[in-house]
Amino acid sequence: MVDWPIMFTPAMVRALMTGLKTQTRRRATGKTGKPTMWTKAAAGDRLWVREAHRLDGKTVIYRSEDDTSPGRWRPGLHMPRWASRTTLMVTATRREQVR
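Residues numbered from 1 in each chain as written. Predicted model: local features only at pLDDT ≥ 70, side-chain atom pairs only at ≥ 80, totals over all residues. Heavy atoms only, no water.

Asks: Just to check I follow, could you spell out the overall build of the protein chain for this structure?
Replies: For the protein chain, the helix and strand inventory stands at one helix and five strands. Moving toward the C terminus, one meets the helices and strands of the protein chain in the order β-α-β-β-β-β. For the protein chain, contacts bridging at least 24 residues in sequence account for 61% of all contacts bridging at least 6. For the protein chain, the exposed area adds up to about 7,400 Å²; of that, 53% sits on carbon and sulfur atoms. With 20 positive and 8 negative side-chain charges, the protein chain shows a separation of 9 Å between the mean positions of the two kinds. (Helix = DSSP H or I, 4+ residues; strand = E, 2+ residues; numbered from the N terminus. Contact = heavy atoms within 4.5 Å. Areas by Shrake-Rupley, 256 points an atom, 1.4 Å probe, with all protein chains shown as cover. Lys, Arg positive; Asp, Glu negative; His and termini not counted. Charge placed at Lys NZ, Arg CZ, Asp CG, Glu CD.)

Next up, the structure:
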């Protein structure tokens with residue numbers, strides 16, 4: 001079992017939290033043609049969700065919950081593992097051809 005980071009927009013995080021989003025698709029190869037980490041993901045692996053956030057001392061404020069408050073938001077790329085509030089389990093993987 002491996003932990004992989006995955007990034008979602010605030011709208012996608014809201015859809016995850018309400019149960020409207022149940023699956024995601026990712027590219028198996030990067031722009032250079034080299035395999036990405038998604039070729040290695042397997043059932044049983046965990047995905048920890050990165051999202052835009054702001055740190056207020058030891059409190060984490062998530063943009064998907066509070067998009068209107070002033071202040072500087074940090075992109076999900078810079079979210080530390082401990083600040084992630086959502087962990088998803090990979091139940092199955094499959095390759096699909098892009099048309």
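Asks: Would you mind showing me how to read the packing of aromatic side chains here?
Replies: What characterises a pair of aromatic rings is the spacing of the ring centres plus the angle enclosed by the ring planes. Applying the stated rule across the entire model yields zero aromatic pairs. The ring centre of Trp-73 lies 4.7 Å from the NZ or CZ of Arg-54, which sits over that ring. Positioned above the aromatic ring of Tyr-62 is the side chain of Arg-85, whose terminal nitrogen or guanidinium carbon lies 4.1 Å from the ring centre. (Phe/Tyr/Trp six-rings, centres within 6.5 Å; stacked < 30°, edge-to-face > 60°. Lys NZ or Arg CZ within 6 Å of the ring centre and 35° of its normal.)

Asks: Looking at this model, I keep getting lost on the sheet that holds strand β1 (residues 3-7). Mind explaining?
Replies: With respect to topology, three strands assemble into an open sheet ordered β1-β2-β5, the strand pairing being mixed. Of all the strands in the sheet, the pair left with one neighbour each is β1 and β5 (87-89). With strand direction ignored, the average angle separating the axes of adjacent strands in the sheet is 35°. As paired strands, strand β2 (residues 46-50) and β5 are joined by three bridges and run antiparallel to one another. (Pairing = 2+ DSSP bridges. Axes fitted to C-alpha atoms, helices over the stretch in contact; angles between N-to-C directions.)

Asks: When you look at the layout of surface pockets in this model, what are you seeing that I'm missing?
Replies: Empty space among the atoms becomes visible once a probe the size of a water molecule is rolled across them. Of the pockets and cavities examined, the largest pocket occupies roughly 1,100 Å³. Thr-24, Arg-25, Arg-26, Thr-93 and Arg-94 are, among the 27 residues lining the largest pocket, the residues nearest its centre. (1 Å grid on protein atoms, 1.4 Å probe; cavity = no way out; pocket = protein on both sides within 12 Å on 5 of 7 lines; lining within 4 Å. Points joined across faces, edges and corners; volume = space filled by probe spheres on them.)

Asks: So what exactly am I meant to see when it comes to the pairing of strand β3 (residues 53-56) here?
Replies: Here is the key point about a regular strand: its side chains alternate between the two faces of the sheet. Sheet topology places β3 next to strand β4 (residues 59-62); four bridges connect them, and they run antiparallel. Along β4, the bridge assignment pairs Asp-56 with Thr-59.

Asks: Is there a simple way to think about helix α1 (residues 10-18) in this case?
Replies: Within an α-helix, residues lying three or four positions from one another point in the same direction, as the helix has 3.6 residues per turn. Among the residues making up α1, those that are buried are Val-13, Ala-15 and Leu-16. Each buried residue of α1 sits inside an arc of 160° when the element is viewed along its axis, so together they form one side. Residues of α1 that are buried in the fold lie against β2 and β5. Just past α1, the residue Gly-19 takes up positive phi, approximately 90°. (Buried < 20%, exposed > 50% of the residue type's maximum accessible area, 1.4 Å probe, protein only. Arc of directions from axis to C-beta.)

Distances and angles like these do not, on their own, reveal function.
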